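Breakdown of the fold
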Amino acid sequence: MADIFHEVDEEVRRERLKKLWDRYSIYVIGGAALIVAVIGAWRGYEYWQAKQAAAAGAAFESALSLSEAGKHDEAPAGYRMLARFRAAADLAQAKPPEAVKTYDELAADTSLGTTLQDLAAVRAGMLVVDNAPLSEMQRRLDPASAPERSFRHTARELLALSAWRNHDFAAARRYIDMIATDAETPAGTRARAEVLSALIAADGKS
């Protein structure tokens, strides 16, 4: 008797499952197909992205090689600019004077736009600040220190440091004031300017 009830229960369960499948199978199949499609699309995107990254990397390396060989005009414009900055950064490690020359060329290249020209000027300034006269630093960085210029904070800090090194304490205070009164000055730059101001006061030149 128990077996009969068991068979009946099994039959009832099969009938219920069949009804559920008949009602919802289209959604189950559709959902599975959607998952497969999404996974396939994602894999395709990853493959495309990897190819793009590889192509971009190869183009940049090619542009860098052309830049190092002095063939700047043969590389695509965007990669050519990046390669020139990269080459200058590499030179800064072993041949600072050549790096300064490269940065100066970038700073003078009006096709790059003001922001990148200022970046090049600041990079050159970092390399010469220890030894350059203040007048040279001002020639390089005064334009970049103007309000609204992207690299004005670093330019002003380098100018203040150069003025202090060259014992022009009035000029140093002027650049320090520019740093202090600019609401957008980064905290690190502001703190270093305060240290420099304290050093000037300690020298009894305030």
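Residues numbered from 1 in each chain as written. Predicted model: local features only at pLDDT ≥ 70, side-chain atom pairs only at ≥ 80, totals over all residues. Heavy atoms only, no water.

Examining the overall build of the protein
- Counting its regular elements, the protein contains 8 helices and 0 strands.
- Ordered by position in the sequence, the α and β elements of the protein form the string α-α-α-α-α-α-α-α.
- In the protein, which comprises 206 residues, the proportion classed as buried is 29%.
- Sequence-distant contacts in the protein: of pairs separated by 6 or more residues, those separated by 24 or more amount to 43%.
- Accessible surface computed for the protein: about 13,300 Å², of which carbon and sulfur atoms make up 59%. (Helix = DSSP H or I, 4+ residues; strand = E, 2+ residues; numbered from the N terminus. Buried < 20%, exposed > 50% of the residue type's maximum accessible area, 1.4 Å probe, protein only. Contact = heavy atoms within 4.5 Å. Areas by Shrake-Rupley, 256 points an atom, 1.4 Å probe, with all protein chains shown as cover.)

Observations regarding the environment of F169
- Position of F169 among the secondary structure elements: in helix α7 (residues 169-181).
- Placed 32 residues apart in sequence, F169 and A201 show a C-alpha to C-alpha distance of 9.6 Å.

Section: helix α3 (residues 96-107)
- For α3, with 12 residues, the first-to-last C-alpha span of 16 Å sits near the 16 Å given by 1.5 Å per residue.
- Along α3, the residues classified as buried are A99, V100, T102, Y103 and L106. Summarising the axial view, the buried residues of α3 lie within an arc of 165°, below the 170-degree limit, and thus occupy one face. Structural note: α3 exposes P97 and K101 on the side pointing more than 90 degrees away from its buried face. (Expected span 1.5 Å × (residues − 1). Arc of directions from axis to C-beta.)

A few points about the packing of aromatic side chains
- By the definition in use, this model includes 1 aromatic pair.
- When the centroid spacing of 6.4 Å and the interplanar angle of 55° are considered together, the rings of F85 and Y103 count as tilted. Placement of F85 in helix α2 (residues 77-94) and of Y103 in helix α3 is noted, with a sequence separation of 18 residues between them. Accessibility classification places F85 together with Y103 in one group, the buried group.
- The lysine or arginine in question, R174, covers the ring of Y175, its NZ or CZ lying 5.2 Å from the ring centre. (Phe/Tyr/Trp six-rings, centres within 6.5 Å; stacked < 30°, edge-to-face > 60°. Lys NZ or Arg CZ within 6 Å of the ring centre and 35° of its normal.)

Looking at the side chain of H153
- Its location among the elements puts H153 in helix α6 (residues 152-165).
- The exposure class of H153 is buried, given its relative accessible area of 11%.
- For H153, the residues in contact, after removing those within four places along its chain, are D182, E184, T185, P186 and T189.

What to know about unusual backbone geometry
- For E148, which is not glycine, the phi dihedral falls at a positive 75°.
- Mapping E148 onto the fold places it in the loop between α5 (134-141) and α6.
- Take E148: its relative accessible area is 71%, and that puts it in the exposed class.
- A positive phi is found at H167, a non-glycine position, where the angle reads about 60°.

Some points on the pattern of salt bridges
- Tallying each qualifying case throughout the model produces 10 salt bridges.
- Where D130 meets R165, a salt bridge forms, and the shortest distance between an N and an O atom there is 3.2 Å. Of this pair, D130 sits in the loop between α4 (114-128) and α5 while R165 sits in helix α6, and the two are 35 residues apart along the sequence.
- As a salt-bridge pair, E157 and R192 come within 2.4 Å of each other at their nearest N and O atoms. Residue E157 is found in helix α6, and its partner R192 is found in helix α8 (residues 187-202); the two are separated by 35 residues along the sequence.
- A relative accessible area of 46% places R192 in the partly exposed class.
- One connected set of salt bridges, linked through shared partners, spans R152, R156, D182 and E184. (Salt bridge = Lys/Arg side-chain N within 4 Å of Asp/Glu carboxyl O.)

Observations regarding the packing of α4 against α6
- At their nearest, the axes of α4 and α6 sit 10 Å apart, and the two run at 25° to each other. Taken together, the axes of α4 and α6 are roughly parallel relative to one another. The two elements α4 and α6 meet at a crossing, and its hand is left-handed. Here α4 contributes V122, G125 and M126 to the contact with α6, which in turn contributes T154, A155 and L158.
- Of the residues contributing to the contact of α4 with α6, the split by class is 4 nonpolar, 2 polar and no charged. (Axes fitted to C-alpha atoms, helices over the stretch in contact; angles between N-to-C directions. Parallel < 35°, antiparallel > 145°, perpendicular 65-115°, else oblique. Left-handed = near helix turned anticlockwise from the far one by under 90°. Nonpolar A, V, L, I, M, F, W, Y, C, P; charged D, E, K, R; others polar.)

None of the figures reported here should be taken as evidence of function without further support.
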